[in-house]
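Analysis of the macromolecular model
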Amino acid sequence: MIAAPDRTPLTRDFFDRPVLDVAPDLLGRILVRTTPDGPIELRLTEVEAYDGPNDPGSHAYRGRTARNGVMFGPPGHVYVYFTYGMWHCMNLVCGPGDRPSGVLLRAGEVTEGVDLARKRRLSARYDKELAKGPARLATALGVDRSFDGVDACDPEGSPLTMLTGTPVPSHQVRNGPRTGVSGDGGVHPWRFWIADDPTVSPYRAHAPRRRST
């Protein structure tokens, strides 16, 4: 018999660790998005680690700004950014404030509230595609910049909460280069995913955007 996922909320201590410890440990955990129409639950299957001032690929590499300020605060909070003029991406802040780091939530399996997620992801052909990629994940959950700074360790009244779920055994975890990261930050194998999971997004190397002529 397969044990049911553990519904105990993750504590702040879980996130108050080095980002390369937290990132693979998030696989198999459950993210709960509370909405007026009911909950949407997501089992995390793919993440990427960003190690602050030690990582040229991190938004916090060059210091604090109005955009990345949440990364410099307490661990366990949500950092949301807007990219390419159309998409939102969601991260979970890790480590102490003097070491701003975070984990990008790249993909997951919607395990509850599929119908609610489908209303936001009308282009998804199959349920496995609902949160297959960081922008799709945020869209399926209805997460935008208004969620920036939300405390995911507050089980009372927070619209986003992390539960213990079912941690993934280490032999099922894979890692490789981060998707779409250029320059010195592109060499780190800090993308982690569950082996053979159909909701994991395809890897894409960084490709410079061409300017229209």
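These numbers were taken from a predicted model, which means no experiment stands behind them. (Residues numbered from 1 in each chain as written. Predicted model: local features only at pLDDT ≥ 70, side-chain atom pairs only at ≥ 80, totals over all residues. Heavy atoms only, no water.)

**Side note on the overall build of the protein**
Defined as follows: Each helix corresponds to a stretch of at least 4 residues labelled H or I by DSSP, and each strand to a stretch of at least 2 residues labelled E; elements are numbered beginning at the N terminus. Taken over C-alpha atoms, the radius of gyration is set against a globule rule of 2.2 Å times the number of residues to the power 0.38. In this description, contact between two residues means that some pair of their heavy atoms is separated by no more than 4.5 Å. Using a 1.4 Å probe, accessible areas were evaluated by the Shrake-Rupley method; residue-level cover was limited to the displayed protein chains. His is not counted, nor are the chain ends, whereas Lys and Arg count as positive and Asp and Glu as negative. All charge positions are set by atom: Lys at NZ, Arg at CZ, Asp at CG, Glu at CD.
Scanning the protein for helices and strands turns up four helices and nine strands. Listing the helices and strands of the protein from first to last along the sequence gives β-α-α-β-β-β-β-β-α-α-β-β-β. What you see for the protein is a C-alpha radius of gyration of 16 Å, in line with the 17 Å of a compact globule of 213 residues. Expressed along its principal axes, the backbone C-alpha trace of the protein runs to roughly 50 × 45 × 35 Å. Considering only contacts in the protein between residues 6 or more positions apart, those separated by 24 or more positions represent 62%. Only carbon and sulfur atoms are counted for the fraction: they give 51% of the accessible area of the protein, which is about 10800 Å². Averaging the positions of the 27 positive and the 25 negative side-chain charges in the protein gives two centres separated by 9 Å.

**Considerations on the pattern of salt bridges**
Just so we agree on the cut-off: Every case where a carboxyl oxygen of Asp or Glu lies within 4 Å of a side-chain nitrogen of Lys or Arg is listed as a salt bridge. Exposure is judged per residue with a 1.4 Å probe applied to protein chains only, and the accessible area is read against the type maximum: over 50% gives exposed, under 20% gives buried, and values in between give partly exposed.
For the structure on display, the rule yields 14 salt bridges. Residue Glu 46 is joined to Arg 106 by a salt bridge in which the shortest nitrogen-to-oxygen separation is 3.1 Å. Within this pair, whereas Glu 46 is found in strand 3 (residues 38–50), its partner Arg 106 is found in strand 6 (residues 101–112), the two being separated by 60 residues in sequence. The exposure class assigned to Arg 106 is buried, which follows from its relative accessible area of 6%. Among the salt bridges present, the one from Asp 51 reaches Arg 99, with a minimum N-O distance of 3.2 Å. Here the residue Asp 51 occupies a position in the loop between strand 3 and strand 4 (78–83), and Arg 99 occupies one in the loop between strand 5 (87–94) and strand 6, the gap between them amounting to 48 residues. One salt-bridge network, held together by shared partners, links Glu 46, Glu 48, Arg 106 and Arg 191.

**Examining the pairing of strand 9 (residues 191–194)**
Our working definition: Any two strands with at least two DSSP-identified bridges between them are counted as paired.
Both faces of strand 9 are covered, namely the face carrying Arg 191 and Trp 193 and the face carrying Phe 192 and Ile 194. Relative to strand 9, strand 3 runs antiparallel, the two sharing three bridges. Bridged to Glu 46 within strand 9 is Trp 193. For strand 8 (residues 173–176) and strand 9, the ladder comprises four bridges, and the chain directions are antiparallel. From the neighbouring strand, Gly 176 faces strand 9, where its bridge partner is Arg 191.

**Regarding the environment of Thr 199**
As a reminder, the rule being used: Nitrogen and oxygen atoms within 3.5 Å of one another constitute a polar contact, given that in protein one can donate a hydrogen and the other can accept it, and given that sequence-neighbouring residues count only through two side-chain atoms.
Relative to the elements of secondary structure, Thr 199 occurs in the segment after strand 9. Exposure remark for Thr 199: the relative accessible area of 4% places this residue in the buried category. Separated by 28 residues in the primary sequence, Thr 199 and His 171 place their C-alpha atoms 18 Å from one another. For Thr 199, the contacting residues outside a window of four places in its chain are Thr 45, Ala 107, Gly 108, Glu 109, Lys 128, Ala 131 and Lys 132. Among the polar contacts made by the side chain of Thr 199, one reaches the side chain of Thr 45 at a distance of 2.8 Å. A distance of 2.6 Å separates the side chain of Thr 199 from the side chain of Asp 197, its partner in a polar contact.

**Quick look at the environment of Glu 109**
By secondary structure assignment, the location of Glu 109 is in strand 6. Between the C-alpha atoms of Glu 109 and Val 19, which are 90 residues apart in sequence, the distance is 22 Å. Filtering out sequence-adjacent residues up to four positions away, Glu 109 remains in contact with Glu 41, Leu 42, Arg 43, Thr 45 and Thr 199.

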